[in-house]
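Here is what each chain is made of, one letter per residue.
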Amino acid sequence: MDTEAQKRAAAARAIEFVRPGMRLGLGTGSTAKHFVDLLADRVRGGLDVIAVPTSEVTRAQAERLGITLTTLDETPELDLTIDGADEIAPDLTLIKGGGGALLHEKIVAAASAKMLVIADQSKWVQNLGRFPLPVEIAPFGAAATRRAVEDASAAAGCPGAALLRKGANGHAFVTDGGHWLLDAQLQRIPDPQFLAARLSAVPGVMEHGLFIGLARTAIIAGPDGVRLIERP
């Protein structure tokens, strides 16, 4: 299977976890997009679910495909969130946010009884950090926040530049929440939990892309098939 086929295979396996009447969180990104497509097929066949999208992109896709949507204000407790990841470690700690929706993704995941992460095998890593770690920040005081993020990363044993993400127009990329994103070039994160705590303590950091203790199950698809991994 090529990469897209692997992503769709992982999404297809995740559909098996969806039950009638469930309140779902719908992730953002290329793998989650496959899941939303497949979920819509089930909905057209009579499956009754409601869903909270994690981004405007996912919202538009789900609305176009006829999936009934709700919000966390209307439905503050969800049964299951299905989302992709940029990196997945063996303990199911994740790096997310490459698509720019990490704050909303984390809020939705935290409101769910279970988070299921789906990915192709390229996302499975022994140590997190080669993928740049997204950090969502307030635009106000961005230079000071960026410096503090770099200091926090260095203190956590993974020094690296935190680069402001730019959009196609050359200006700062703006998230659905109206914030900016830094992409921290850390290479290897020796202690994700310690780094997460240091980043969360920085004024101006709205959220970071380390998802710790949220994913319960991972579905990883590769050339040899699909495997299911439970958090230790």
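Keep in mind that what you see is a predicted model, and the values were worked out from it rather than measured.

Q: What should I look at first to understand the sheet that holds strand S4 (residues 87-88) in this one?
A: To summarise the sheet geometry, strands pair through backbone hydrogen bonds and adopt either a parallel or an antiparallel arrangement. Within the open sheet, the 3 strands sit side by side as S4-S5-S11. Their pairing is antiparallel. Lying at the two open borders of the sheet, with one neighbouring strand each, are S4 and strand S11 (210-211). Relative to strand S5 (residues 94-95), S4 runs antiparallel, the two sharing 2 bridges. By the bridge assignment for S5, Glu87 is matched with Ile95.

Q: Mind showing me how you'd approach the sheet that holds strand S1 (residues 23-26) here?
A: Overall, mixed pairing links the 6 strands, which are arranged S2-S1-S3-S6-S12-S13 in an open sheet. The open sheet terminates on both sides in strands that have one partner only, identified here as strand S2 (50-53) and strand S13 (225-230). Sheet twist, expressed as the mean angle between neighbouring strand axes with direction ignored, is 20°. Looking at chain direction, S1 and strand S3 (residues 80-83) are connected through 3 bridges and run parallel.

Q: It is not clear to me how the packing of helix H5 (residues 142-155) against helix H6 (residues 192-200) should be interpreted in this structure. Could you clarify?
A: Relative orientation of the contacting elements H5 and H6 amounts to 155°, with a least axis distance of 9 Å. Here H5 is positioned roughly antiparallel relative to H6, judged by the angle of their axes. The handedness of the crossing between H5 and H6 comes out as right-handed. Mapping the contact onto sequence places Val149, Ala152, Ser153 and Ala155 in H5 and Phe194, Leu195, Arg198 and Leu199 in H6.

Q: Mind showing me how you'd approach the environment of Arg231 here?
A: Here Arg231 lies in the segment after S13. Exposure remark for Arg231: the relative accessible area of 32% places this residue in the partly exposed category. Separated by 118 residues in sequence, Arg231 and Ala113 place their C-alpha atoms 14 Å apart. Aside from chain neighbours lying at most four places away, what touches Arg231 is Asp91, Leu92, Gly213, Leu214, Ala215 and Arg216. A distance of 3.3 Å separates a polar atom in the side chain of Arg231 from the backbone oxygen of Gly213. Looking at Arg231, its side chain comes within polar contact range of the main-chain oxygen of Ala215, at 2.8 Å.

Reading guide: rules and limits
- Residues numbered from 1 in each chain as written.
- Predicted model: local features only at pLDDT ≥ 70, side-chain atom pairs only at ≥ 80, totals over all residues.
- Heavy atoms only, no water.
- Pairing = 2+ DSSP bridges.
- Helix = DSSP H or I, 4+ residues; strand = E, 2+ residues; numbered from the N terminus.
- Axes fitted to C-alpha atoms, helices over the stretch in contact; angles between N-to-C directions.
- Parallel < 35°, antiparallel > 145°, perpendicular 65-115°, else oblique.
- Left-handed = near helix turned anticlockwise from the far one by under 90°.
- Contact = heavy atoms within 4.5 Å.
- Buried < 20%, exposed > 50% of the residue type's maximum accessible area, 1.4 Å probe, protein only.
- Polar contact = N/O pair within 3.5 Å; in protein donor to acceptor, adjacent residues only side chain to side chain.

Everything listed is a geometric property; what it means functionally is a separate question.
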